[in-house]
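Spelled out, the chains give:
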Amino acid sequence: MTENKIAVVPGSFDPITYGHLDIIERACKIFDKVYVSVLRNSSKKGLFSPEERIELISGVTKHLDNVEVVQFDGLLIDFCQQVEADAIIRGLRAVSDFEYEMQLTSMNRKLDSQIETMYIMTNNNYSFISSSIVKEVAKYGGKIEDIVPPLIEDALKEKFKVQ
Ligand code: PNS
């Protein structure tokens, strides 16, 4: 009997972009079960509530059978232990991501050396996207249709009361 391999894709997802979705879809091809875990990043102020983020992520990952979207208020490593994850999956867009990601990985490894962190390179088309940039463009009514799914575009327009 082969053991099911479990991954956690963590993030603040405020909101989820095509860049995030690309990473989640790739993780789904490699792992049997993928938890998309909405966590708190203490250095970021949120636009969407955790509940709204969960709803939006669930909406755009409907086509992925092995995904479960969960909110967790605590340490990522505690969540990973709770769901018996084998790996944490993060996306890498550019060299500028590296330093922060190295810190995150080293700390998580110190907390639990059994859980491996793995990186997936984001599709080049999405390497410039971040939730912060998406929010800024959306706020001023800029075009975001190529960088977030329609559901997210509508939610941003609603938040910012723009068309
Ligand atoms: O999408 P983000 O904001 O880059 O994701 C960062 C996130 C949410 C994964 C990170 O801040 C996190 O793991 N938060 C939960 C609390 C935690 O475990 N912090 C210590 C990690 S060293």
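What counts as what
Positions within a chain are numbered from 1, following the residues in the order the chain's sequence is written. Where local features are concerned, this predicted model is filtered to residues with pLDDT of at least 70; where side-chain atom pairs are given and counted, the filter is 80 or more; whole-chain, interface and lining totals use all residues. Only hydrogens and water are set aside when side-chain values are computed; all heavy atoms of the structure are taken into account. Here, strands pair whenever DSSP counts at least two bridges between them. Only DSSP runs of H or I reaching four residues or more are called helices, and only runs of E reaching two or more are called strands; each is numbered from the N terminus. Comment: axis = line fitted to C-alpha atoms, over the contacting stretch for helices; angle = value between 0 and 180 degrees taken between N-to-C directions. By the convention used here, residues are in contact when the closest approach between their heavy atoms is within 4.5 Å. In this description, a nonpolar core means a group of buried Ala, Val, Leu, Ile, Met, Phe, Trp, Tyr and Cys residues linked to one another through side-chain atoms lying within 4.5 Å. A simple rule labels every residue: compare its accessible area, found with a 1.4 Å probe on the protein chains alone, to the largest value its type can have, and call it buried under 20%, exposed over 50%, or partly exposed in between. UniProt positions are given in the numbering used here, feature names are shortened, and annotations may be inferred rather than shown by experiment. Polar contacts, as used here, are pairs of N or O atoms within 3.5 Å; protein pairs need one atom able to donate a hydrogen and one able to accept it. Residues neighboring in sequence count only if both atoms are side-chain atoms.

1. Looking at the sheet that holds strand 2 (residues 33-38)
Strand order across the open sheet formed by five strands is 3-2-1-4-5, with parallel pairing between neighbours. Pairing within the sheet leaves two strands with one partner each, and these edge strands are strand 3 (67-71) and strand 5 (116-121). The average undirected angle you get between the axes of adjacent strands in this sheet is 30°. Its contacts with the sheet place helix 1 (residues 18-30) against strand 1 (6-11), strand 2, strand 3, strand 4 (87-92) and strand 5, and it is angled at close to 120° to strand 5. Each of strand 4 and strand 5 is contacted by helix 4 (residues 98-111), which is oriented at about 175° to strand 4, the strand it contacts most.

2. Topic: the nonpolar core
Counting residues in hydrophobic clusters, the biggest one holds 34 residues, and the most contacted among them are Phe13, Ile24, Val34, Val67 and Ile89. Where this core is concerned, the elements lending two or more residues are strand 1, helix 1, strand 2, helix 2 (50-60), strand 3, strand 4, helix 5 (131-139) and helix 6 (150-160). Of all the elements, helix 1 adds the most residues to this core, at five residues. Those residues in contact with Ile24 that lie beyond four places of it in its chain are Val9, Phe13, Ile16, Val36, Thr61, Leu64 and Val67.

3. Quick word on unusual backbone geometry
Peptide bonds are mostly trans, and most non-glycine residues show a negative phi. The residue after Asp14, namely Pro15, is reached through a cis peptide bond having omega 0°. By the secondary structure assignment, Pro15 is in the loop between strand 1 and helix 1. With a phi angle near 55°, Glu84 is a residue other than glycine that sits in the positive phi range. Residue position: Glu84 is located in the loop between helix 3 (76-82) and strand 4. Overall, the relative accessible area of 62% leaves Glu84 in the exposed class.

4. Re the UniProt feature "binding site: substrate" (unreviewed entry) in the protein chain
Those residues carrying the UniProt feature "binding site: substrate" (unreviewed entry) are Ser12, Lys44, Leu76 and Arg90 in this numbering. By the secondary structure assignment, Leu76 is in helix 3. Owing to a relative accessible area of 13%, Leu76 belongs among the buried residues under this scheme. Ignoring any residue separated from it by four or fewer positions in sequence, one finds Leu76 in contact with Val8, Pro10, Leu39, Ile88 and Asn108. Checked against the element boundaries, Arg90 lands in strand 4. Given a relative accessible area of 17%, Arg90 falls into the buried group. Beyond its immediate sequence surroundings of up to four residues, Arg90 is in contact with Pro10, Gly11, Ile23, Tyr100, Glu101, Leu104, Thr117, Met118, Tyr119 and Ile120. At 3.2 Å, the side chain of Arg90 and the backbone oxygen of Pro10 are in polar contact.

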